[in-house]
Amino acid sequence: MIQVEHDPENKLFEKRPFDLTKDKYDGYILQLPAGSENSKIELVVGITKKVDCNRHRLIDVTFGDAGDMNFSPHMFMIFDSDGEIASTQMGCPDRELTGKFIYGETRRIPYTTDPLIIFIPKGFELRYRIWESVV
């Protein structure tokens, strides 16, 4: 997974029809170079927390388009989560906590070179993966 850096000064934020960054969200912009038309981008939003040896995932996650905004070619998306985590209940013999990137639902969209503008809760991280389709 590739991490997207937060750049609050990006000029593309001037085109947004509302300001989510002042309260609970930070805006991220993902702009990729030319790629294969058969590729998909998987958007992964999560949080790094100290956890035990169990498997962990975010719960109560939503990831959707930010309404009908008609700011083509920009796609606005909003990810939301309260940060609650579910885990397996295996006993961890060492009881050590380590920092892990924890995520829940992801979103796959067609590969695009147009800017993706994504709002996520403050304190979360945005990462992505590129999947190549074999035709």
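Residues numbered from 1 in each chain as written. Predicted model: local features only at pLDDT ≥ 70, side-chain atom pairs only at ≥ 80, totals over all residues. Heavy atoms only, no water.

### Some words on the overall build of the chain
The cut-off we apply is this: Under the DSSP-based scheme used, a helix requires at least four consecutive residues in state H or I and a strand at least two consecutive residues in state E, with every element numbered from the N terminus. Here the term buried applies to any residue with accessible area under 20% of the maximum for its type, exposed to any over 50%, and partly exposed to those in between, with areas from a 1.4 Å probe on protein chains only. Contacts are assigned to residue pairs that have any heavy atoms within 4.5 Å of one another. Exposure was quantified through the Shrake-Rupley algorithm and a 1.4 Å probe, taking into account, for residues, occlusion by the shown protein chains and nothing else.
Of the regular secondary structure elements, the chain holds zero helices and 11 strands. Expressed as a percentage of the 135 residues in the chain, the buried residues total 39%. In the chain, the proportion of contacts linking residues at least 24 apart, taken out of those at least 6 apart, comes to 83%. Within the structure as shown, the chain displays about 8,200 Å² of accessible surface, and the carbon and sulfur contribution to it stands at 48%.

### So, the pattern of salt bridges
The test is simple: Just to be clear on terms, a salt bridge is a Lys or Arg side-chain nitrogen sitting within 4 Å of an Asp or Glu carboxyl oxygen.
Scanning the model with the defined rule gives four salt bridges in all. When the shortest N-O distance is used, the salt bridge between Lys24 and Asp80 registers 3.0 Å. Highlighted residues: Lys24 in the loop between β1 (2-3) and β2 (25-30) and Asp80 in strand β6 (residues 75-80), separated in sequence by 56 residues. Exposure remark for Asp80: the relative accessible area of 21% places this residue in the partly exposed category. When the shortest N-O distance is used, the salt bridge between Asp26 and Lys122 registers 2.8 Å.

### What about the nonpolar core?
The following threshold applies: For the purposes of this section, nonpolar cores are sets of buried Ala, Val, Leu, Ile, Met, Phe, Trp, Tyr and Cys residues that join through side-chain atoms within 4.5 Å.
Leu30, Ile41, Leu43, Phe79, Ile118 and Ile120 are the most contacted members of the largest nonpolar core, which has 23 residues in total. Mapped by element, the contributors of at least two residues to this core are β2, β3 (40-51), β6, β10 (116-121) and β11 (125-131). If one sorts the elements of this core by residue count, β3 sits on top with five residues. Dropping the residues within four chain positions of it, Ile120 is found in contact with Lys24, Tyr25, Asp26, Tyr28, Val45, Phe79, Glu125 and Leu126. Counting residues in hydrophobic clusters, the runner-up holds five residues, among them Tyr25, Ile29, Phe76 and Phe119.

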